[in-house]
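The lines below spell out each chain.
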Amino acid sequence: MDQEELERRLRAMSISGPATTVLTASRSVIVRELDTIISVFCDGLLEDAEIVKIVGGKRGFNHLDAALKSYVLQLFDGQYDMAYAQSRLRIGLAHKRKGVPPKLYIAAVLRLFELLQQTLRKQYGTDCSALAQAVFVLERVMMFDLSLVFDTYIQGLIDDVLRSKKQLEKYAQGLEKLVAQRTRQLEERARSDSMTGLFNVSSMYEELHREIARSERTGGVLSFLYIDVDGFKKVNDTRGHRDGDMLIMAIADALRQTFRTEDILSRYGGDEFCVIMPRSNSKEAIIAAERLLKIFAPVAREFCVSLSVGISVRFPKADLDAEGLVQLADKAMYVAKHRKGNAIEVFPTGLKS
């Protein structure tokens, strides 16, 4: 609040210099009766359990007693300047912080007004005109005070709402991020093989369809590798399914070490794996397959297994869809499987259709 706003409010309440002299003239009787006024006022508060809970014990009422005496004396000083207004604003903030509901505060103000009015009646006696003028000015000043108190009280509530809104927005944003993260994780799990983390078969076909469409658009070649483990069933039968699972995960690790980031790795099912190699011809696919055999060799020796790799290649404009490309690689893999192990075959090289 600035000086201009203060003066505007005083004018609106008809609180002017000449009018306030009526209160300053009554200050002496108020000072004389002050202890009685405050004592009666606090006794009334003690009858309300809700107020007692807010104010607290003896210490709280002692503090309230001192604050009320200071306030009443200021009421009858006649100095309603910026310092006076700021003190009223602080009172509003203090009451808001203590959780005093407006209904109780207004009731307390009304009770104090009645006690002060009774004291003024003792001073003016039968002079009804002077009494009416003093009560009129007192009422206006106390309403002026009430407006300032509730300015900060209401602003405090608004600030609380805004803070709560920001906290809620922040929580909502965090929740949205968490939901998005969980959704991505669920989508990834739905697209991935639970054991190896590689693409599952349905996701592999989605990626293969996409890569075929891309190769058609760009005019690039595409290679597909179908990989099977020779002797996997024997590992499960003789060493147990736990070792079989370890072998499957070891193959997945070897695939990750072997192929490029852009290559698409998948577990087709059981001990069968597939790799999509975009923009790669048969020669590049064979080099990658040989590198896989070399990386996997220590594991192969440990488990007494080998790999059979079938490769199919799709050229632009070829009448070959995803299912056909997989079938050709599967046929090439079976040709490799009939050799002694760790064999690589490319369709149609070495394969009679």
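Residues numbered from 1 in each chain as written. Predicted model: local features only at pLDDT ≥ 70, side-chain atom pairs only at ≥ 80, totals over all residues. Heavy atoms only, no water.

1. Points about the packing of aromatic side chains
(1) Moving on: The final tally for this structure, using the stated rule, is two aromatic pairs.
(2) Moving on: Among the aromatic side chains, those forming a connected cluster through ring pairs are Y205, Y226 and Y268. (Phe/Tyr/Trp six-rings, centres within 6.5 Å; stacked < 30°, edge-to-face > 60°.)

2. Considering the packing of helix α9 (residues 201-218) against helix α13 (residues 322-337)
(1) Moving on: α13 packs onto α9 with a crossing angle of 110° between their chain directions and a minimal axis gap of 9 Å. By the angle class used here, α9 and α13 are roughly perpendicular. For the pair α9 and α13, contact is made by M204, Y205, L208, H209 and I212 and by A322, E323, L325 and V326, respectively.
(2) Moving on: Across the contact of α9 with α13, the residue classes break down as seven nonpolar, one polar and one charged. (Axes fitted to C-alpha atoms, helices over the stretch in contact; angles between N-to-C directions. Helix = DSSP H or I, 4+ residues; strand = E, 2+ residues; numbered from the N terminus. Parallel < 35°, antiparallel > 145°, perpendicular 65-115°, else oblique. Contact = heavy atoms within 4.5 Å. Nonpolar A, V, L, I, M, F, W, Y, C, P; charged D, E, K, R; others polar.)

3. With respect to the pattern of salt bridges
(1) Moving on: All chains considered together, the criterion is met by 17 salt bridges.
(2) Moving on: A salt bridge links K122 to E33, with the nearest nitrogen and oxygen atoms 4.0 Å apart. Here K122, found in helix α7 (residues 102-124), pairs with E33, found in helix α3 (residues 27-46); they are 89 residues apart in sequence, far enough to count as distant.
(3) Moving on: Residue E33 is classed as buried on the basis of its relative accessible area of 19%.
(4) Moving on: For D243, the salt bridge goes to R239, with nearest N and O atoms at 3.0 Å.
(5) Moving on: Among the charged side chains, a network of salt bridges with common partners joins R260, E262, D263 and R279. (Salt bridge = Lys/Arg side-chain N within 4 Å of Asp/Glu carboxyl O. Buried < 20%, exposed > 50% of the residue type's maximum accessible area, 1.4 Å probe, protein only.)

4. What to know about the sheet that holds strand β1 (residues 222-230)
(1) Moving on: Read across the open sheet, the five strands follow the order β2-β3-β1-β4-β5; overall the sheet is mixed. Strand pairing shows two members of the sheet lacking a second neighbour, β2 (264-269) and β5 (343-346), which therefore form its edges. When strand polarity is set aside, the average angle formed by the axes of neighbouring strands in this sheet is 20°.
(2) Moving on: Sheet topology note: the β2/strand β3 (residues 272-278) ladder contains five bridges and is antiparallel. Bridging from a neighbouring strand, S266 pairs with C274 of β3. (Pairing = 2+ DSSP bridges.)

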